[in-house]
Amino acid sequence: DVKVTQSSRYLVKRTGEKVFLECVQDMDHENMFWYRQDPGLGLRLIYFSYDVKMKEKGDIPEGYSVSREKKERFSLILESASTNQTSMYLCASLLGGGQAPNEQYFGPGTRLTVT
Amino acid sequence: DAKTTQPNSMESNEEEPVHLPCNHSTISGTDYIHWYRQLPSQGPEYVIHGLTSNVNNRMASLAIAEDRKSSTLILHRATLRDAAVYYCILILGSNYQLIWGAGTKLIIKP
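Residues numbered from 1 in each chain as written. Chains lettered and ligands numbered in written order. Predicted model: local features only at pLDDT ≥ 70, side-chain atom pairs only at ≥ 80, totals over all residues. Heavy atoms only, no water.

**A short note on the pattern of salt bridges**
Here comes step 1: With the rule as written, the count across this model stands at 10 salt bridges over all chains.
Here comes step 2: A salt bridge links Lys109 of chain B to Glu11 of chain B; its shortest N-O distance comes to 3.2 Å. Within this pair, whereas Lys109 of chain B is found in strand β10 (residues 104-109), its partner Glu11 of chain B is found in strand β1 (residues 9-13), the two being separated by 98 residues in sequence.
Here comes step 3: Glu15 of chain B is paired through a salt bridge with Arg77 of chain B; the nearest N and O atoms lie 3.3 Å apart. Placement of Glu15 of chain B in the loop between β1 and β2 (18-23) and of Arg77 of chain B in the loop between β7 (70-75) and β8 (84-91) is noted, with a sequence separation of 62 residues between them.
Here comes step 4: By sharing partners, the salt bridges in this structure join Arg36, Asp38 and Arg44 of chain A into a single network. (Salt bridge = Lys/Arg side-chain N within 4 Å of Asp/Glu carboxyl O. Helix = DSSP H or I, 4+ residues; strand = E, 2+ residues; numbered from the N terminus.)

Written out as structure tokens, the structure is:
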């Protein structure tokens, strides 16, 4: 059974703290994604990675960075957390390759509150 | 940017078919149409996808208009467990980037 896990379901941090969100997939997928989800705005792509040590900015990368040192792990880093980064963060992975894009598998999400 | 338009919400009775519409009038020839759904307190899950032809799987059917500017997700017999937000999404060519809209909240009445 395919699985994407995220390090925490709920997280509370203070303004200015450095925050690490971890995502691990066990499907040997090349592509991994970080989204944030806010009411009324749907899912917005922050960063994605199509290979180890490779990364691409999504629609809203400001205030975030990522790290992909191993194929199975994709980390999202908030260098200095701010209250406007309070959100639900979702990680996803995708096999990639081939002619047709196939399904993304999502983790359960991390609800981050920055106070 | 290619994007999709869906109704904010829809209601249906349990055990009846549900047709969820999606407009994507700016779709290009290489864009795939994907549907995902998100149950409460969970991450989204894949439902179905297609390019030009209608598609069926164990979860649903996808009907794509001939001009590809709209599509309809069909749940043949809705259950209470199908209550979720359904997203119609375009995947741009081969770069796998999904463009998400606001989705349709499906309410199933017992």
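**With respect to the state of the cysteines**
Here comes step 1: Scanning all chains against the criterion turns up two disulfides over all chains.
Here comes step 2: Sulfur-sulfur distance for the disulfide between Cys23 of chain A and Cys91 of chain A comes to 1.8 Å. One quick way to see it: the torsion about the S-S bond of Cys23 of chain A and Cys91 of chain A is about -75°, and its sign makes the bridge left-handed. With Cys23 of chain A in strand β3 (residues 19-25) and Cys91 of chain A in strand β9 (residues 87-94), this pair connects stretches of sequence that are 68 residues apart. Here Cys23 of chain A matches Cys91 of chain A in class, with each residue buried.
Here comes step 3: Each disulfide pairs two cysteine sulfurs, and for Cys22 of chain B the partner residue is Cys88 of chain B, the sulfurs being separated by 2.1 Å. On the sign convention where negative means left-handed, the S-S torsion of about -80° between Cys22 of chain B and Cys88 of chain B marks this disulfide as left-handed. Taken as a pair, Cys22 of chain B in strand β2 and Cys88 of chain B in strand β8 lie far apart in primary sequence, 66 residues in all. The same class applies to Cys22 of chain B and to Cys88 of chain B, which are both buried. (Disulfide = S-S within 2.5 Å. Buried < 20%, exposed > 50% of the residue type's maximum accessible area, 1.4 Å probe, protein only.)

**Some remarks on the interface of chain B and chain A**
Here comes step 1: If you look at the interface, chain B gives 18 residues, while chain A gives 24 residues.
Here comes step 2: In this structure, the connection of chain B to chain A is made through zero salt bridges.
Here comes step 3: Remark: the boundary between chain B and chain A carries four residue pairs in polar contact (both at pLDDT 80 or more).
Here comes step 4: Counting residues per element, the ones that place at least two in the side of chain B that touches chain A are β3 (32-38), β4 (45-50) and β8 of chain B.
Here comes step 5: Top element by residues in the side of chain B that touches chain A is β3 of chain B. It accounts for four residues. (Contact = heavy atoms within 4.5 Å. Polar contact = N/O pair within 3.5 Å; in protein donor to acceptor, adjacent residues only side chain to side chain.)

**Describing the side chain of Asp82 of chain B**
All names here are of chain B.
Here comes step 1: With respect to the element layout, Asp82 can be found in the loop between β7 and β8.
Here comes step 2: Taking the relative accessible area as the measure of exposure, Asp82 reaches 13% and is therefore buried.
Here comes step 3: Ignoring any residue separated from it by four or fewer positions in sequence, one finds Asp82 in contact with Arg37, Leu75, Arg77, Leu106 and Ile108.

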